[in-house]
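So you can see what is in the structure, the chains are spelled out below.
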Amino acid sequence: MSEERYPLAVRRILVALDASPHSIAALEAAVELAARFRAELLGLFVEDINLLRLAKMPFARELGLFSASRRPLDTQEVERQLRAQTARIRKLLATLGERAQISWSFRVARGRIVSEVLTAAAEADLVLLGKTGWPVAHPRRLGSTIRAVLSAAPGPLLVFQHGARLKPPILVLYDGSPAADRALVAAATLMAQEDSQLIVLALSNQPAEAERLQARATAQLQGRKLQVRYCALAGSSLPQLLRKVRAERCGTLILPAPSPLLRQDTLVRLLEEIEQPVVLIR
């Protein structure tokens, strides 16, 4: 069976936290998944060393979010705000974790955010990130942290935004690669109910190739009690993929990260355009 060839064992889940709405949405999803898989959940808050160094510079200024007034960036105030955020996040994690009766832990690291997240990700089976941090001028743009983690995360990565939730139908972009086979297994594993609908989107505009991909996907899903529907992506551009995702009204999108359609710039644009949770499988 495909699960033996491409296992998705979720024993440890990492969620990177920064107290933003998207980050809190990722935390709620992480708690739900930890309860479903009986996995350990690790919450990680990184105190940005670059921000702390900047606060020590005499010319550093901060801009008030609501007042738009400029004031000196004070080191002690930055430290106080970080402690307040840490306490607030830990309390929320404790409340949600205890309510769901899961095993959880919370760690605070001081360093470069991307480096700390990737170091922790190396010990996790699944990593969850909020789509952005604190959006102000461009709320749809991906945060700098997730842009960097997208290309470097060692394993499955789930990108979440505020207001979204993991739900069917799940759409898998399928190109017949090993990563796409793993994406199929991930889809079947993440689906809460066996009768949930799975949409397999074959990345081919040639009928014969689409039929071959469907046969391969069917073999990978053999023995699973799923409602599977197959369709083909008639083209290989981002606008065509976006139209198909919206037309199918999928609830969750699962992508094989090495797909030729999903270069780094294309993947960033895709994540900025859609609201559904996105799982990247390598």
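Here the structure is shown first, and the text comes after it.
The structure reproduced in this document is the subject of the present report.

What counts as what
Residues numbered from 1 in each chain as written. Predicted model: local features only at pLDDT ≥ 70, side-chain atom pairs only at ≥ 80, totals over all residues. Heavy atoms only, no water. Helix = DSSP H or I, 4+ residues; strand = E, 2+ residues; numbered from the N terminus. Contact = heavy atoms within 4.5 Å. Pairing = 2+ DSSP bridges. Axes fitted to C-alpha atoms, helices over the stretch in contact; angles between N-to-C directions. Core = buried A, V, L, I, M, F, W, Y, C linked by side-chain atoms within 4.5 Å. Buried < 20%, exposed > 50% of the residue type's maximum accessible area, 1.4 Å probe, protein only. Parallel < 35°, antiparallel > 145°, perpendicular 65-115°, else oblique. Left-handed = near helix turned anticlockwise from the far one by under 90°. Nonpolar A, V, L, I, M, F, W, Y, C, P; charged D, E, K, R; others polar. Salt bridge = Lys/Arg side-chain N within 4 Å of Asp/Glu carboxyl O.

Here we come to the environment of Pro256. Relative to the helices and strands, Pro256 is located in strand E11 (residues 252-256). Taking the C-alpha atoms as reference points, Pro256 and Asp181, 75 residues apart in sequence, are found 8.4 Å from one another. Contact partners of Pro256, with chain neighbours within four places excluded, come to Leu173, Asp175, Ser177, Ala179, Ala180, Leu262 and Ile281.

Let us now look at the sheet that holds strand E1 (residues 12-17). Strand order in the open sheet formed by ten strands is E5-E2-E1-E6-E7-E12-E11-E8-E9-E10, with mixed pairing between adjacent strands. Unpaired on one side and paired on the other, strand E5 (104-111) and strand E10 (227-232) mark the two borders of the sheet. With direction set aside, neighbouring strand axes in the sheet form an average angle of 20 degrees. In this sheet, strand E12 (residues 278-281) lies alongside strand E7 (residues 157-160) in antiparallel orientation, the contact comprising three bridges.

Let us look at the nonpolar core. Formed by 51 residues in total, the largest nonpolar core has its most connected members in Ile13, Leu33, Leu41, Leu128, Leu198 and Ile254. By residue number, the principal contributor to this core is helix H2 (residues 21-37), which donates nine residues. Every residue in contact with Ile254, bar those within four places of it in the chain, is listed here: Ile170, Leu171, Val172, Leu173, Ala183, Ala186, Ala187, Leu190, Val279 and Ile281. Counting 42 residues, the second largest nonpolar core, distinct from the first, contains Ala153, Cys231, Val268 and Leu280.

Structurally, His22 is set in helix H2. Setting aside residues up to four positions removed in sequence, His22 forms contacts with Gly130, Lys131, Thr132, Phe160, Gln161 and His162.

Another aspect to go through is the side chain of Asp125. Looking at the secondary structure, you find Asp125 in the loop between helix H5 (113-121) and strand E6 (126-130). Asp125 has contacts with Ala9, Val10, Arg11, Arg12 and Pro156, leaving out every residue within four places of it along the chain.

Look at H2 against helix H4 (residues 75-100): their axes get within 10 Å of each other, and the N-to-C directions meet at 25 degrees. Considering their axes alone, H2 and H4 lie roughly parallel with respect to each other. The handedness of the crossing between H2 and H4 comes out as right-handed. Contacts from Ile24, Leu27, Glu28, Val31 and Ala35 in H2 reach Leu92, Leu93, Leu96 and Ala100 in H4. Looking at side-chain class alone, the contact of H2 with H4 contains eight nonpolar, no polar and one charged residues.

Of all the five residues making up E11, five are buried; the element is thus mostly covered by neighbouring parts of the structure. Across the two faces of E11 the burial is the same, with Thr252, Ile254 and Pro256 and Leu253 and Leu255 all buried. Where strand E8 (residues 170-174) lies against E11, three bridges are found, and the strand directions are parallel. Note that in E11 the partner of Leu171 across the bridge is Leu253.

Moving on: the pattern of salt bridges. For the coordinates displayed, the defined rule picks out twelve salt bridges. With its nearest N and O atoms 3.7 Å apart, the salt bridge here joins Asp125 to Arg11. Remark: Arg11 occurs in the loop between helix H1 (2-5) and E1 and Asp125 occurs in the loop between H5 and E6; sequence separation between them is 114 residues. Using a relative accessible area of 19% as the deciding quantity, one classes Asp125 as buried. With a shortest N-O distance of 3.1 Å, Glu272 and Arg147 are connected by a salt bridge. Highlighted residues: Glu272 in helix H10 (residues 264-273) and Arg147 in helix H6 (residues 144-152), separated in sequence by 125 residues. Given a relative accessible area of 34%, Arg147 falls into the partly exposed group.

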